[in-house]
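# Examining the three-dimensional arrangement
Listed below, chain by chain, are the residues.
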Amino acid sequence: MPAPALLAAAIIACTAPQVHDGDTLRCGADRIRLYGVDAPEVKRGKTPAEPFAYEARDLLVSLTRGRVGCRIVDHDRYGRLVARCWSDATPDVNAALIRSGLTTEYRRYSKGAYASAEAEARQARRGVWASGQARATR
């Protein structure tokens, strides 16, 4: 099987992963970036947190309290695995985050895979869509 096919077939599972921010978690030694999700940045050094950064992180924590599974779709430039995840709380963690309005779709990579989830958040004026603080779509 070619290497990209092996990568796409890989599944990582864990219980209650560590959550770094609204779009990154750690299952054991594996760092996972959620495919198609763009979360506001948490505080780093002297750079302040972006609006809704901690709310997005807290939502990801709540969505991943139990068992979590992630299907790997790629690696990013930082060496993290890029994945679509599910949990005891939701069959699609990535879509749930975007649907909440606390994160947006990272269209540069997802190519519209979560367009309907983002449209639902925008129409309901949730999170960044309620305050007019949505960042330019990437």
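Overview of the structure. Think of each chain on its own: its residues are numbered from 1, step by step along the sequence as written. Given that the model is predicted, a residue must reach a pLDDT of at least 70 before its local features are reported, and side-chain atom pairs must reach 80 or more before they are shown or counted; all residues, however, enter totals for whole chains, interfaces and linings. The side-chain numbers reported here are obtained from all heavy atoms of the structure, hydrogens and water having been left aside.

### What about the side chain of Arg-33?
What counts is decided by this rule: Secondary structure elements are taken from DSSP: a helix is a run of H or I of four residues or more, a strand is a run of E of two residues or more, and numbering for both begins at the N terminus. For every residue, the accessible area obtained with a 1.4 Å probe (protein chains only) is divided by the maximum for its type, and the residue is called buried under 20%, exposed over 50%, and partly exposed between those limits. Whenever two N or O atoms come within 3.5 Å, that pair is a polar contact, provided that in protein one can donate a hydrogen and the other can accept it, and provided that, for residues adjacent in sequence, both atoms are side-chain atoms. By definition, residues are in contact when any of their heavy atoms lie within 4.5 Å.
By the element assignment, Arg-33 lies in strand β4 (residues 30–34). The exposure class of Arg-33 is buried, given its relative accessible area of 12%. Side-chain polar atoms of Arg-33 contact the side chain of Asp-23, separated by 3.5 Å. Every residue in contact with Arg-33, bar those within four places of it in the chain, is listed here: Asp-23, Thr-24, Asp-38, Asp-76, Arg-80, Leu-81, Val-82, Ala-83 and Tyr-106.

### Thoughts on the pairing of strand β6 (residues 67–75)
As a reminder of what qualifies: Two strands form a pair only when DSSP identifies at least two bridges running between them.
Two strands pair when backbone bridges link them, and strand β1 (residues 11–15) and β6 are joined in this way by five bridges, in the antiparallel orientation. Bridge pairing links Ile-12 to Cys-70 in β6. Sheet topology places β6 next to strand β7 (residues 81–87); seven bridges connect them, and they run antiparallel. Each bridged residue has a counterpart across the sheet, and for Arg-71 the counterpart in β7 is Arg-84. Hairpin connection, β6 to β7: the antiparallel pair is bridged by five residues, and Gly-79 has positive phi, about 85 degrees.

### Things to note about the packing of aromatic side chains
Quick note on the threshold: For Phe, Tyr and Trp, rings pair up if their centres lie within 6.5 Å, where Trp contributes its six-membered ring, and each pair is then called stacked (planes under 30 degrees apart), edge-to-face (over 60) or tilted (otherwise). Consider the ring centre and the ring normal. A charge sits over the ring if Lys NZ or Arg CZ is within 6 Å of that centre and within 35 degrees of that normal.
Here the structure, examined in full by the defined rule, presents two aromatic pairs. On the basis of an interplanar angle of 85 degrees and a centroid distance of 5.1 Å, the ring pair of Tyr-106 and Tyr-109 is categorised as edge-to-face. The lysine or arginine in question, Arg-122, covers the ring of Trp-129, its NZ or CZ lying 4.1 Å from the ring centre.

### Points about the sheet that holds β7
Put simply, the test is: Only C-alpha atoms enter the line fits that serve as axes; for helices the fit covers just the stretch in contact. Angles between N-to-C directions range over 0 to 180 degrees.
Pairing within the open sheet is mixed, and its six strands lie in the order β1-β6-β7-β4-β3-β2. Across the chains shown, the open sheet's two edge strands, defined by having one partner strand only, are β1 and β2 (18–21). Neighbour-to-neighbour, the strand axes of the sheet open up by a mean angle of 40 degrees, direction not taken into account. Lying on the sheet, helix α2 (residues 53–63) is in contact with β2, β3 (24–27), β4 and β7; it crosses β2 at an angle near 160 degrees. Lying over the sheet, helix α3 (residues 93–100) contacts β4 and β7, oriented at roughly 85 degrees with respect to β7.

### Considering α2
Note the following rule: This arc describes the spread of directions from the helix axis toward the C-beta atoms.
Looking only at α2, the buried set comprises Ala-53, Ala-56, Leu-60 and Leu-63. Angularly, the buried residues of α2 cover 95 degrees about the axis, an arc narrow enough to put them on a single face.

### Examining the nonpolar core
Stated precisely, the cut-off is as follows: To form a nonpolar core, buried Ala, Val, Leu, Ile, Met, Phe, Trp, Tyr and Cys residues must be joined to one another through side-chain atoms within 4.5 Å.
Counting residues in hydrophobic clusters, the biggest one holds 25 residues, and the most contacted among them are Leu-25, Ile-32, Leu-34, Leu-60, Cys-85, Val-93 and Leu-97. Among the elements of the structure, β1, β3, β4, α2, β6, β7 and α3 are those that each provide at least two residues to this core. With five residues, the single largest contributor to this core is α3. When sequence neighbours within four positions are dropped, the list of residues in contact with Ile-32 reads Ile-12, Asp-23, Thr-24, Leu-25, Cys-27, Cys-70, Leu-81, Ala-83 and Cys-85.

By themselves, these are just geometric observations and shouldn't be taken as functional.
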